[in-house]
Amino acid sequence: MDNNSTLNSSIHITQSSEALYETGLDDEFATDDVAEMTQIWINERNSPEILPYRRRLVEDLTELIEHQGMVAMEGLSENVDMRFRSMLYQTEMERIKFLIRNYLRTRLYKIEKYTTYLLNRPDVRERLSDKEYEYAQSYAELLEKHYSKSFLNTLPQSQQDVNEKINTLSSVSVPDEYSAVIVRGKEEQGMFELESRRQYEIRLSPESIYMVRYSDIKLLLEEGQVELI
Amino acid sequence: MALPQKIQRQFSPEEIQFIAGNEFISIIPNFTLDKMEFIQTSYGPFMPPLQAQVPLWLAVALKKNRKCSIVPPNWFTKDNLQALLQNEEDHDEFAKVPFHYMEIAHMLIEVAPDEIPDIEHIRKLLKDIRECRQRKTRDLLGKVDGTRLELHNMSRMELNEIRPLFSAAFNEMTKLQFLDNQDEVME
């Protein structure tokens, strides 16, 4: 009985979200994987720090592409209509592949830029996928070997540390939390006080676009209340 | 390099165009086909002369294969663009435009020039609207204070264009504020 009702309610949810999609064709925030991946990619491109890796989303889409690839292949041997369909399926697949590739490359770019910082901060390290973590580690090793071979070994022992830190002076690159981002609310949610300056407010609404410090909207972004543009 | 240098600070125009590919547009197909199951969702059935709603990328693919005609959106007519320009010139704030108006206009003119009445006039209006909005953008630069800058009604392409200059100015203002605060603490 209980099982049944859960099943029913989940079916109900699927149906209503489908219905929502049918009526809201021009709604940019429709809750499908491709739309979500697009926004996740845009967020990643624009945020100064690396954001949590969206494993499920990437895996789901990769699977969908593989499946669709087979459907498209089958179509090739059939009649003109099917070949035509296949061509259109391919076009969509290429678009989604581009999205995923660009998303992963954006993350690699940040990993290369902030390697040491990422590896030294367990809370940030958590945001990487297993493969990204491996990549960061070997990239760090590679850099260290290269630096020491090419010039650090000529310096006195005390000056050979790549990640030197003296009081507040550090040679490790860290993402700039205060850097500017362009943002808007996903839904109408009224006013929101800026963390850095309480006398300033922004309106959370799809119609209201602002340039603000990343640190001021970081939490809202994590909670999915805003999106970067 | 994982990410080419020219797209580290902003999207390329092609990438903005890619994003706009998800916007919906009406087409009139010249082929009959039942629903097609795409990864994102299904589109169709396609039955001429009935209009169908498809994303721009699909409309462009169909049009390039001469499989449909594209129905330009309501705002994309001589009269409506004229009204938009008037509105833009009459007010200091940015007029409300479709978020992807530049990309959609660009694509329509490129792939479906045969379906746009008064295309030369429309081109001219689009140019005037753009220039009027660029003037407002220049005035906006003076308002950058490192805290919060309102950019309401700017389109995605415009926001991406101002990004490198405006964020650089914004970040410098932020640094100045930190210096001010340090001075206060020292006094």
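Residues numbered from 1 in each chain as written. Chains lettered and ligands numbered in written order. Predicted model: local features only at pLDDT ≥ 70, side-chain atom pairs only at ≥ 80, totals over all residues. Heavy atoms only, no water.

Chain B is annotated in an unreviewed UniProt entry as DNA replication complex GINS protein PSF2 from Umbelopsis ramanniana AG. Here is the UniProt Subcellular location (unreviewed entry) comment for chain B, exactly as written: "Nucleus". As stated in UniProt under Subunit (unreviewed entry), the record for chain B gives "Component of the GINS complex." (UniProt positions renumbered as here; feature names shortened; annotations may be inferred.)

Chain A has the name DNA replication complex GINS protein SLD5 in an unreviewed UniProt entry, where Umbelopsis ramanniana AG is given as its organism. Looking at the Function (unreviewed entry) heading of the UniProt record, one finds this comment for chain A: "The GINS complex plays an essential role in the initiation of DNA replication." If you open the UniProt record of chain A and go to Sequence similarities (unreviewed entry), you find "Belongs to the GINS4/SLD5 family."

Draft legend 1. Highlighting the UniProt feature "domain: GINS subunit" (unreviewed entry) in chain B. The UniProt record annotates "domain: GINS subunit" (unreviewed entry) at residues 75-174 of chain B. Between the end C-alpha atoms of residues 75-174 of chain B the distance is 39 Å, and the span holds 66% helix and 3% strand. (Helix = DSSP H or I, 4+ residues; strand = E, 2+ residues; numbered from the N terminus.)

Draft legend 2. Seen up close, the packing of aromatic side chains. Inspection of the entire model under this criterion finds 15 aromatic pairs over all chains. Ring geometry for Trp 41 of chain A and Phe 98 of chain A: centres 6.0 Å apart, planes at 75 degrees, overall edge-to-face. One end of the pair, Trp 41 of chain A, is in helix H2 (residues 33-46); the other, Phe 98 of chain A, is in helix H4 (residues 80-113), and 57 residues separate them in sequence. Given the relative accessible area of 25%, Phe 98 of chain A is considered partly exposed. Through a chain of ring-to-ring contacts, the aromatic side chains of Tyr 89 of chain A together with Phe 24, Phe 38, Tyr 43 and Trp 57 of chain B assemble into a single cluster. (Phe/Tyr/Trp six-rings, centres within 6.5 Å; stacked < 30°, edge-to-face > 60°. Buried < 20%, exposed > 50% of the residue type's maximum accessible area, 1.4 Å probe, protein only.)

Draft legend 3. Representation of the interface of chain A and chain B. With 53 residues of chain A at the interface, the matching set in chain B holds 56 residues. Contact with chain B buries surface across chain A, with Arg 45, Arg 95 and Met 211 of chain A losing the most and accounting together for 15% of the total. Where chain A packs against chain B, one counts three salt bridges. Ionic pairing is found between Lys 96 of chain B and Glu 207 of chain A, a salt bridge with its closest N-O pair at 2.8 Å. Taken together, the connections running from chain A to chain B amount to 25 residue pairs in polar contact (both at pLDDT 80 or more). Broken down by secondary-structure element, the contributors of at least two residues to the side of chain A that touches chain B are H2, helix H3 (55-76), H4, strand S3 (180-185), strand S5 (201-204) and strand S6 (209-213) of chain A. (Contact = heavy atoms within 4.5 Å. Buried area = accessible area lost by both parts, 1.4 Å probe. Salt bridge = Lys/Arg side-chain N within 4 Å of Asp/Glu carboxyl O. Polar contact = N/O pair within 3.5 Å; in protein donor to acceptor, adjacent residues only side chain to side chain.)

Draft legend 4. A look at the domain arrangement of chain B. All names here are of chain B. Each assigned domain of chain B is listed here: domain 1 (15-71) and domain 2 (72-182). Relative placement of domain 1 and domain 2: their C-alpha centres are 27 Å apart. Taken together, both faces of the contact between domain 1 and domain 2 bury some 1400 Å²; the carbon and sulfur share is 72%. In terms of surface lost to domain 2, no three residues of domain 1 exceed Ile 16, Gln 17 and Lys 63, which account for 41% of the buried area on that side. Put simply, domain 1 and domain 2 have two salt bridges between them. One salt bridge in this structure joins Asp 114 and Lys 63, with 3.2 Å as the shortest N-O distance. (Domains from an automatic or database assignment.)

Draft legend 5. Structural view of the environment of Ser 173 of chain A. Residue and element names in this part refer to chain A. Among the structural elements, Ser 173 can be located in the loop between strand S2 (169-170) and S3. With relative accessibility at 41%, the residue Ser 173 sits in the partly exposed group. Spatially, the C-alpha atoms of Ser 173 and Leu 119 are 12 Å apart, while their sequence positions differ by 54 residues. For Ser 173, the residues in contact, after removing those within four places along its chain, are Lys 113, Tyr 114 and Tyr 117.

Draft legend 6. Region of interest: the UniProt feature "domain: DNA replication complex GINS protein SLD5 C-terminal" (unreviewed entry) in chain A. Annotation from UniProt places "domain: DNA replication complex GINS protein SLD5 C-terminal" (unreviewed entry) at residues 175-229 of chain A. Overall, residues 175-229 of chain A shows 16% helix and 40% strand. The separation of its end C-alpha atoms is 19 Å.

Draft legend 7. Spotlight on the sheet that holds strand S5 (residues 68-71) of chain B. Residue and element names in this part refer to chain B. Strand order in the open sheet formed by three strands is S4-S1-S5, and the pairing between neighbours is antiparallel. The sheet is open, and its two borders are formed by strand S4 (52-55) and S5, each paired with just one other strand. Taking the axes of each pair of neighbouring strands and ignoring which way they run, one obtains an average angle of 45 degrees across the sheet. The sheet contact formed by strand S1 (residues 24-29) and S5 spans four bridges and is antiparallel. Note that in S5 the partner of Ile 28 across the bridge is Ser 69. Contacting S1, S4 and S5, helix H2 (residues 56-64) crosses the sheet at an angle of about 105 degrees to S4. (Pairing = 2+ DSSP bridges. Axes fitted to C-alpha atoms, helices over the stretch in contact; angles between N-to-C directions.)

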